[in-house]
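One letter stands for each residue in the lines below.
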Amino acid sequence: VERRSRRSGGRPIAVSFEFFPPKTPEMEATLWNSITRLAPLAPKFVSVTYGAGGSTRERTHATVERIVKETRLAPAAHLTCVAASKGEVDEVVRGYWDAGVRHIVALRGDPPGGVGQAYVPHAEGYKTSADLVTGLRRIANFEVSVSAYPEKHPESPSFDADLDILAAKVDAGATRAITQCFFDNDLYFRYLDKVRARGIEVPVVPGILPVSNFKQARNFSEKTGTYMPSWLAGRFEGLDDDPETRKLIAAAVAAEQVFDLVDRGVTEFHFYTLNRADLVYAICHLLGVRPPQAGAEGQGKEGHGKGQAA
Ligand code: FAD
């Protein structure tokens, strides 16, 4: 399905959605309500994360398998190298291929001892994410996506070192990078310039985290070193006890971010849904990404007039 947004100048907008594997039956119900709500938007793929240290191995697998069996969505399974031998990882990977999964998001993962510790690879494991990409491509013809860090990975001593890692992943066969979330679009574009200057040509798809819980987002940004602009804090100021207004502000802030990206040429987005559909659905609607019928109507209306995007 090709959806065009008035703001994108008629260029098609593509989206993908990220979910995490549920821990409880209640969380499972929430996840499946969200998948059911978002599925008609025909995302390019939906990805399911892998818990730190492989802690969600079975749950990730079960969620991905259910997506294969019960939907027409294209699933992408996240996979890390942490605390597993190559043999163990390869077995998981073959299981995915046999289940019909054709897309893996290949990651090194966080240090087994936790963020902040030095990363020590498993003695018989894949040493780096680039190693893992090579391994995946050896097993089968998977589509492979990898991570990218507009503010560089906290362990990288410099942007050059960080870009070397991205280049190695692409040389090993990755065809798409998905970014860590960011709140200041200028950082994304500065990074993109560096990526292209380094000769890396794969799409670098912005990972968008719609902020509905500001405190949670601030904690996340402190942990990951993601820059949190003061204007963003200002938007949520005084609303700690007002979830309804917060939600409206969240939609406005996320819309502001994606519209600015579209205005500056971005046509593909990866949404960190946190297993909730409403905010992401609304933002997609604003982007012109709609269920086929409604989309045709909405886009038709938007497409009239000057015949060119405003
Ligand atoms: P890489 O990009 O491979 O490398 C990160 C850093 O490690 C490098 O910048 C460098 O400093 C160092 N490094 C790597 N290789 C070398 C080398 N050969 N020599 C020297 N230094 C090296 N985590 C999960 O546990 N599960 C998930 O499902 C998950 N999904 C994610 C999805 C996205 C889109 C993103 C952006 C991150 C995700 N993460 C996930 C987090 C990720 O696992 C952590 O950020 C982790 O610390 C790095 O893994 P990576 O594959 O991004 O690392």
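Residues numbered from 1 in each chain as written. Predicted model: local features only at pLDDT ≥ 70, side-chain atom pairs only at ≥ 80, totals over all residues. Heavy atoms only, no water.

(A) Region of interest: the packing of aromatic side chains. With the rule as written, the count across this model stands at six aromatic pairs. Judged by centre distance (6.2 Å) and plane angle (25°), the ring pair of Phe269 and Phe271 falls under stacked. One exposure class covers both Phe269 and Phe271, and it is buried. Taken together, the ring pairs connect Phe17, Phe269 and Phe271 into an aromatic cluster. Between the NZ or CZ atom of Arg102 and the centre of the ring of Trp97, over which it lies, the distance is 3.6 Å. In this structure, Arg108 packs its charged tip against the face of Tyr119, placed 4.2 Å from the ring centre. (Phe/Tyr/Trp six-rings, centres within 6.5 Å; stacked < 30°, edge-to-face > 60°. Buried < 20%, exposed > 50% of the residue type's maximum accessible area, 1.4 Å probe, protein only. Lys NZ or Arg CZ within 6 Å of the ring centre and 35° of its normal.)

(B) Expanded view of unusual backbone geometry. With a phi close to 50°, Ala42 is a non-glycine residue in the positive phi region. Inspection of the secondary structure assignment puts Ala42 in the loop between helix H1 (25-38) and strand S3 (46-48). Accessibility expressed as a relative area gives 28% for Ala42, which makes it partly exposed. One non-glycine residue, Asn275, lies in the positive phi region at around 70°. Its location among the elements puts Asn275 in the loop between strand S10 (268-272) and helix H10 (278-287). Judged by its relative accessible area of 4%, Asn275 is buried. (Helix = DSSP H or I, 4+ residues; strand = E, 2+ residues; numbered from the N terminus.)

(C) Seen up close, the nonpolar core. Grouped together as the largest cluster of nonpolar side chains are 88 residues, with contacts concentrated most on Phe17, Leu79, Phe269, Phe271 and Leu287. Residue contributions to this core peak at eight residues, all from helix H9 (residues 243-263). (Core = buried A, V, L, I, M, F, W, Y, C linked by side-chain atoms within 4.5 Å.)

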